[in-house]
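A structural walkthrough
Spelled out, the chains give:
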Amino acid sequence: MDFNLTEEHLMIRDAARDFAQTELLPGVIERDEKQEFPKELVRKMGELGFMGIMVDPKYGGSGMDSVSYVLIMEELSKIDASASVIVSVNNSLVCYGLEAYGTEEQKQKYLTKLATGEEIGAFCLSEPEAGSDATSQATTAEDKGDYYLLNGTKNWITNGGRAGVYLVIAQTDRSKGHKGINAFIVEKGMEGFHIGPKEDKLGIRGSDTHTLQFNDVKVPKENRIGEDGFGFKFAMKTLSGGRIGIASQALGIASGAYELALKYSKERKAFGTEICNHQAIAFKLADMYTEIAAARHLVMASACKKDAGENYDREGAMAKLYASKVAMEQTVEAVQIHGGNGFVKEYHVERLMRDAKITQIYEGTSEIQKIVISRSILRD
């Protein structure tokens, strides 16, 4: 497996890095404090092709590969994980799901706007009693002939208040278990669709997270994705690619914290010399660099598997499990290296530490990743 980046990959990475440094970095602390959604920055990311990275150009996308997606996500996440999760959900969960499994009519109506950033998408699976247990959907979609009647509540929905297109997973026939679940395209503004208050979160505070309520929402039959009963499989296939996005986010958070810690260690002096010259700090930096490099290899391996058209379920789960662990541990170390300054917002590392935690939770907790991995290795 060749991890050497092509000239095109390097250009894509540099473009994402430049955008992150020049556009995302100014105001990132203020957006975190105010829980401010980066509306104008999302528009600019759409113009750069970041909202439809892997989407076919005939639908308005950039037509890039998964490796490019990883590179973009890492660079954005080094600076602003709130912005990068908007990109991740729109790409991995919404655009991918529609392009892979939607009808041509659905792609023309919805995907073309999502891929350019004209619209933002949201993926609605989690519920108050159905987070990791995705089979226990309480949201129902009653078949009424030419439409479905949607009722229920969805929790912790990224882009929940800002999206125009929502992919909603709901139970149609409980007697069929997971084969009675369907996926639907719901538009903002449909009668009976209500958006709850914005969540006040520990991290990724610039990201828009809401509870959604569906009260007798009429969803046209043509808005169902795939055949009847395809919803659970749709959710699992889509989340498998989403793991690569969140693994890339975790990798970016970790590498961003490392870069800040390295820079600070070369500037801060203690006992007559820069603190990087003290073995205690030098060894921390060595561990951080090594573990981040290992995480990057796992993330890249999963992206390469996906680009090759091979099954990447296990590799994606491994990448997310390990990269999120590295993000949490290395952001804590970055705060430690900064000492008292690490507790101060202007040095950025405390925000990265807060942002890191969610990567071990959303789009499948670390415990769920271990289930995916263990089942895979026990089948071999």
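Scroll up for the structure.
Residues numbered from 1 in each chain as written. Predicted model: local features only at pLDDT ≥ 70, side-chain atom pairs only at ≥ 80, totals over all residues. Heavy atoms only, no water.

1. Looking at the nonpolar core
- Residues Leu98, Phe123, Leu167 and Phe234 are the most contacted members of the largest nonpolar core, which totals 66 residues.
- With 15 residues, the top contributor of residues to this core is helix H7 (residues 231-267).
- Setting aside residues no more than four positions away along its own chain, Phe123 makes contact with Val89, Leu93, Val94, Ile157, Leu167, Phe234, Ala235, Thr238 and Leu239.
- By size, the runner-up hydrophobic cluster in this structure holds 22 residues, among which are Phe50, Ile53, Leu76 and Ile86. (Core = buried A, V, L, I, M, F, W, Y, C linked by side-chain atoms within 4.5 Å. Buried < 20%, exposed > 50% of the residue type's maximum accessible area, 1.4 Å probe, protein only. Helix = DSSP H or I, 4+ residues; strand = E, 2+ residues; numbered from the N terminus. Contact = heavy atoms within 4.5 Å.)

2. Details of empty space enclosed by the protein
- Within this structure, the stated rule accounts for one cavity of 30 Å³ or more.
- A volume near 50 Å³ is recorded for the largest cavity.
- What lines the largest cavity is Val28, Arg31, Asp32, Glu36, Asp80, Ser82, Arg205, Gly206, Arg351 and Asp355.
- When contributions to the lining of the largest cavity are tallied by element, the ones reaching two or more residues are helix H2 (28-34) and helix H10 (349-357).
- Residue composition of the lining of the largest cavity, grouped by class: one nonpolar, two polar and seven charged. (1 Å grid on protein atoms, 1.4 Å probe; cavity = no way out; pocket = protein on both sides within 12 Å on 5 of 7 lines; lining within 4 Å. Points joined across faces, edges and corners; volume = space filled by probe spheres on them. Nonpolar A, V, L, I, M, F, W, Y, C, P; charged D, E, K, R; others polar.)

3. Let's talk about the layout of surface pockets
- Size it by volume and the largest pocket reaches roughly 1400 Å³.
- As for the largest pocket, its lining consists of 49 residues, of which Leu239, Glu363, Gly364, Thr365 and Ile368 are closest to the centre.
- Of all the secondary-structure elements, those providing two or more residues to the lining of the largest pocket are helix H5 (81-101), strand E1 (121-124), strand E3 (147-158), H7, helix H9 (313-338), H10 and helix H11 (366-379).
- For the lining of the largest pocket, a count of residues per class yields 20 nonpolar, 14 polar and 15 charged.
- Put simply, the second largest pocket is a space of about 210 Å³.
- If you go around the second largest pocket, you meet twelve residues; those closest to its centre are Leu5, Arg13, Leu71, Glu74 and Arg296.
- Elements with a contribution of two residues or more to the lining of the second largest pocket: helix H1 (7-24), helix H4 (66-79) and helix H8 (279-307).
- In terms of residue count, the dominant contributor to the lining of the second largest pocket is H4 (five residues).
- Of the residues contributing to the lining of the second largest pocket, the split by class is five nonpolar, one polar and six charged.

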